[in-house]
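Below are the chains, spelled out letter by letter.
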Amino acid sequence: DGKRVVSGADDKCVKIWNADTGAEVRTLTGHFSGVWSVSFSPDGKRIVSGSYDKLVKIWNARTGAEMHTLTGHSGGVYSISFSPNGKRVVSG
């Protein structure tokens with residue numbers, strides 16, 4: 001929607017920021033290692049995050065609630081994105 005920015009960092013957190021003011025809106029916690037990649041879904045309703053902890057997490061972008069944790073990577077997740085229609089996630 002252009003009103004929010006999402007970031008991940010070594011502090012194990014995903015943060016949502018107000019794009020106009022730069023103010024932090026929400027901090028999402030749940031990863032056990034640094035978060036290397038984050039992305040909004042095309043409709044802006046979800047956030048996906050990938051971490052060195054080998055996990056992919058899907059979050060509700062409005063409430064910050066963790067919706068799903070996806071396992072199966074044998075190493076850290078350095079790249080993550082939603083498909084253009086928002087129905088799938090690609091990670092690596």
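Provided above is the structure to which this section pertains.
These numbers come from a predicted model, not from an experiment.

Visitor: What is the right way to read the sheet that holds strand β6 (residues 56-60) from this model?
Guide: Within a sheet, each strand pairs with its neighbour through backbone hydrogen bonds, oriented either parallel or antiparallel. The strand order across the open sheet built from 4 strands is β4-β5-β6-β7, with neighbouring strands paired in antiparallel fashion. Pairing within the sheet leaves two strands with one partner each, and these edge strands are β4 (35-40) and β7 (66-70). Averaged over all pairs of adjacent strands, the angle between strand axes in this sheet comes to 20°, irrespective of strand direction.

Visitor: What should I look at first to understand a nonpolar patch on the surface in this one?
Guide: Residues W36, Y52 and Y78 make up a contiguous nonpolar surface patch of about 370 Å² in total accessible area. On the secondary structure map, W36 appears in strand β4. The partly exposed category is assigned to W36, whose relative accessible area is 43%.

Visitor: Which parts of the structure should I look at to understand the pairing of β6?
Guide: Note on strand geometry: in a regular strand, side chains alternate between the two faces of the sheet. By the criterion of burial, β6 is predominantly enclosed, with 4 of the 5 residues buried. Bridge count for strand β5 (residues 46-51) against β6 is 5 bridges, and the pairing is antiparallel. Each bridged residue has a counterpart across the sheet, and for V48 the counterpart in β6 is I58. The loop that links β5 with its antiparallel partner β6 comprises 4 residues; one of these, K54, has a positive phi angle of about 75°. Note: β6 against β7, 4 bridges, orientation antiparallel. Note on β7: the bridge partner recorded for V56 is L70. Hairpin connection between β6 and β7: a loop of 5 residues separates the two successive antiparallel strands, and G64 in this loop has a positive phi of roughly 85°.

So, how was this worked out
- Residues numbered from 1 in each chain as written.
- Predicted model: local features only at pLDDT ≥ 70, side-chain atom pairs only at ≥ 80, totals over all residues.
- Heavy atoms only, no water.
- Pairing = 2+ DSSP bridges.
- Helix = DSSP H or I, 4+ residues; strand = E, 2+ residues; numbered from the N terminus.
- Axes fitted to C-alpha atoms, helices over the stretch in contact; angles between N-to-C directions.
- Patch = residues over 30% accessible without salt bridge, like charges linked within 9 Å, V, L, I, M, F, W, Y side chains within 5 Å.
- Areas by Shrake-Rupley, 256 points an atom, 1.4 Å probe, with all protein chains shown as cover.
- Salt bridge = Lys/Arg side-chain N within 4 Å of Asp/Glu carboxyl O.
- Buried < 20%, exposed > 50% of the residue type's maximum accessible area, 1.4 Å probe, protein only.

That is the geometry; function is a separate question.
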